[in-house]
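# Chain and residue survey
Chain residues, written in single-letter form:
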Amino acid sequence: MSKKHYLITGGAGFIGNHVIRYLLKNKEVRVTCIDNFDTFYSREIKLQNISDLQESPDFKLVENDLDELNPSILKKIINEPIDIIIHLAAKAGVRPSIQDPKSYIKTNITATQNLLDFAVQKNVSKFIFASSSSVYGNNKNLPWNEHEILYPISPYAATKLAGEAFGHVYNNLYHLPFIALRLFTVYGPCMRPDLAIYQFTKSILEATPITIFGDGNSSRDYTYIKDIVKGIVKAAEIDVQYEIINLGNSQTVLLKDLIANIEKVTNKKALIKWRPMQPGDVTYTYADIRKAEWLLDYHPETNIEEGLLEVYQWFKKHEELLLAH
């Protein structure tokens, strides 16, 4: 029997490398990873993420840009059958999307459509799309469930909502099984340098000031990477046609409490510069995960204290590389 073949986009990134590592524990699975090593952050960090993966005979890296790859070119690059696509690649960041919305449209919408066309032509059995909790905007009906009216307040959020809509279109037109996973503030080892927990940990270790936007009372549903990975992999296994599913921790943490927890883990005090809230930032995120519990048997296990300790230990292990970027 041939091995089940997964195509993971953005596989050298934060979530992608964890998903690939989890999948390759199964000896009946092989993975092709597409990544363009976007300059949003260091290529060296991404190469570090997948350094051990490249030793596996069941792992193949394709360095290319989905923005520029129409389905016919993609079929030449990947000329083997594909069973499941997990589309994690995206241009990230709420604030940068306000400054450059056109590039977000190109990467997050056009590239997604290219991949959907490719999926139809390859007759894949499942397309998993990494959406975002940002599509909810500042909806006051907490916790957010998948049936809420959506109020995106940034171009980034709008592109993620567009990806969900395109998935619905392709499911309706071509019967492509499609699941959009709305991810809530994922953190953990290998996390992107622009994410708050990374920046706060780095600044505290370097004794440089942290810039806090707002009064510290904004809150996030921080979700540890291992819990997210289990949800993603389980989504690839269930038999559905089209679903939107929240993947969060269903626990909120105030920004000021997050900083206090990082101070406790590092045994160092934070230096803080206070600034007004930024356009596009939401005040809170909070996931209703009952649908994920029911469909995916999804039960987050990692609390914020445990997760932050894992991040700190990862930082100390790769301190020379991480503090240089």
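Scroll up to find the structure.
Heads up: these notes are all about the structure in this document. Because the structure is predicted, anything quoted here is derived from the model rather than measured.

### Section: the overall build of the chain
A count of helices and strands for the chain gives 12 helices and 13 strands. Viewed in the frame of its principal axes, the chain has a C-alpha envelope of about 55 × 45 × 40 Å. Within the chain, the proportion of its 325 residues that are buried is 55%. Counting contacts in the chain only where the partners sit at least 6 residues apart, residues at least 24 apart contribute 83% of the total. Taken together, the 36 basic and 38 acidic charged side chains of the chain have centroids lying 2 Å from each other.

### So, the packing of helix α7 (residues 196–206) against helix α11 (residues 304–317)
Following both chains from N to C, one finds α7 and α11 inclined at 55°, their axes separated by 11 Å at the closest point. Put simply, α7 runs oblique to α11. Taken as a pair, α7 and α11 cross one another with a handedness that is right-handed. From α7, I197, Y198, T201, K202 and L205 reach across to α11, where they touch L308, V311, Y312, W314 and F315. Of the residues that constitute the contact of α7 with α11, the class distribution is eight nonpolar, one polar and one charged.

### Considering unusual backbone geometry
Cis geometry marks the peptide bond from L142 to P143, where omega comes out at -10°. Its identity is not glycine, yet N123 carries a phi of approximately 55°, on the positive side. Its place among the elements puts N123 in the loop between α5 (101–122) and β5 (126–132). By relative accessible area, N123 is classed as exposed at 66%. Its identity is not glycine, yet S250 carries a phi of approximately 60°, on the positive side. Position of S250 among the secondary structure elements: in the loop between β11 (242–247) and β12 (253–254).

### Some points on the side chain of T285
As for its position among the elements, T285 is in the loop between β13 (272–275) and α10 (290–296). Using a relative accessible area of 3% as the deciding quantity, one classes T285 as buried. Here D221 takes part through its backbone nitrogen, which lies 2.9 Å from a polar atom of the side chain of T285.

### Focus on the packing of aromatic side chains
According to the stated counting rule, one finds 13 aromatic pairs in the structure shown. Judged by centre distance (5.5 Å) and plane angle (75°), the ring pair of W314 and F315 falls under edge-to-face. Pair check on accessibility: W314 and F315 agree, each one buried. Aromatic ring contacts, followed pair by pair, group F127, F129, F178 and Y242 into a single cluster. Taking NZ or CZ as reference, R43 lies 4.4 Å from the ring centre of F37, over its face. One cation-aromatic arrangement involves K46 over Y41; the distance from NZ or CZ to the ring centre is 4.6 Å.

### With respect to the sheet that holds strand β4 (residues 84–87)
Taking strand neighbours across the sheet as the criterion, the seven strands line up as β3-β2-β1-β4-β5-β6-β11 in an open arrangement whose pairing is parallel. Across the chains shown, the open sheet's two edge strands, defined by having one partner strand only, are β3 (59–63) and β11. This sheet shows a mean twist of 20° between the axes of neighbouring strands, independent of strand direction. As paired elements, strand β6 (residues 178–183) and β11 share six bridges and run parallel to each other.

### Some remarks on the pairing of β4
In summary, the side chains of a regular strand alternate between the two faces of the sheet. Side chains I84 and I86 project from β4 onto one buried face, and the interleaved I85 and H87 project onto a second face that is buried too. Where strand β1 (residues 4–9) lies against β4, four bridges are found, and the strand directions are parallel. Within the sheet, the bridge partner assigned to Y6 lies in β4 and is I84. Direction of pairing for β4 relative to β5: parallel, over a ladder of four bridges. Bridge pairing links I86 to I128 in β5.

### Overview of the packing of helix α9 (residues 255–266) against α11
α11 packs onto α9 with a crossing angle of 55° between their chain directions and a minimal axis gap of 10 Å. Considering the angle they form, α9 stands oblique to α11. Crossing geometry of α9 relative to α11 is assigned as right-handed. Across the interface between the two elements, L258, N261, I262, V265 and T266 of α9 pack against I304, E305, L308, L309 and Y312 of α11. Partitioned by chemical class, the residues of the contact of α9 with α11 number seven nonpolar, two polar and one charged.

### Side note on the nonpolar core
Among the nonpolar cores identified, the biggest contains 76 residues, and I86 and L258 are the most heavily contacted of them. The residues contacting I86, other than those within four sequence positions of it, are Y6, L7, I8, T9, V19, L23, I128 and I232. Counting residues in each nonpolar core, the second largest holds 22 residues, with F118, F127, L176 and F178 among its members.

### What about a nonpolar patch on the surface?
Nonpolar side chains collect at one region of the surface, where V169, L173 and Y174 lie side by side and expose about 290 Å² of accessible area between them. Assignment of secondary structure puts L173 in helix α6 (residues 155–174).

Reading the values: the criteria
Residues numbered from 1 in each chain as written. Predicted model: local features only at pLDDT ≥ 70, side-chain atom pairs only at ≥ 80, totals over all residues. Heavy atoms only, no water. Helix = DSSP H or I, 4+ residues; strand = E, 2+ residues; numbered from the N terminus. Buried < 20%, exposed > 50% of the residue type's maximum accessible area, 1.4 Å probe, protein only. Contact = heavy atoms within 4.5 Å. Lys, Arg positive; Asp, Glu negative; His and termini not counted. Charge placed at Lys NZ, Arg CZ, Asp CG, Glu CD. Axes fitted to C-alpha atoms, helices over the stretch in contact; angles between N-to-C directions. Parallel < 35°, antiparallel > 145°, perpendicular 65-115°, else oblique. Left-handed = near helix turned anticlockwise from the far one by under 90°. Nonpolar A, V, L, I, M, F, W, Y, C, P; charged D, E, K, R; others polar. Polar contact = N/O pair within 3.5 Å; in protein donor to acceptor, adjacent residues only side chain to side chain. Phe/Tyr/Trp six-rings, centres within 6.5 Å; stacked < 30°, edge-to-face > 60°. Lys NZ or Arg CZ within 6 Å of the ring centre and 35° of its normal. Pairing = 2+ DSSP bridges. Core = buried A, V, L, I, M, F, W, Y, C linked by side-chain atoms within 4.5 Å. Patch = residues over 30% accessible without salt bridge, like charges linked within 9 Å, V, L, I, M, F, W, Y side chains within 5 Å. Areas by Shrake-Rupley, 256 points an atom, 1.4 Å probe, with all protein chains shown as cover. Salt bridge = Lys/Arg side-chain N within 4 Å of Asp/Glu carboxyl O.

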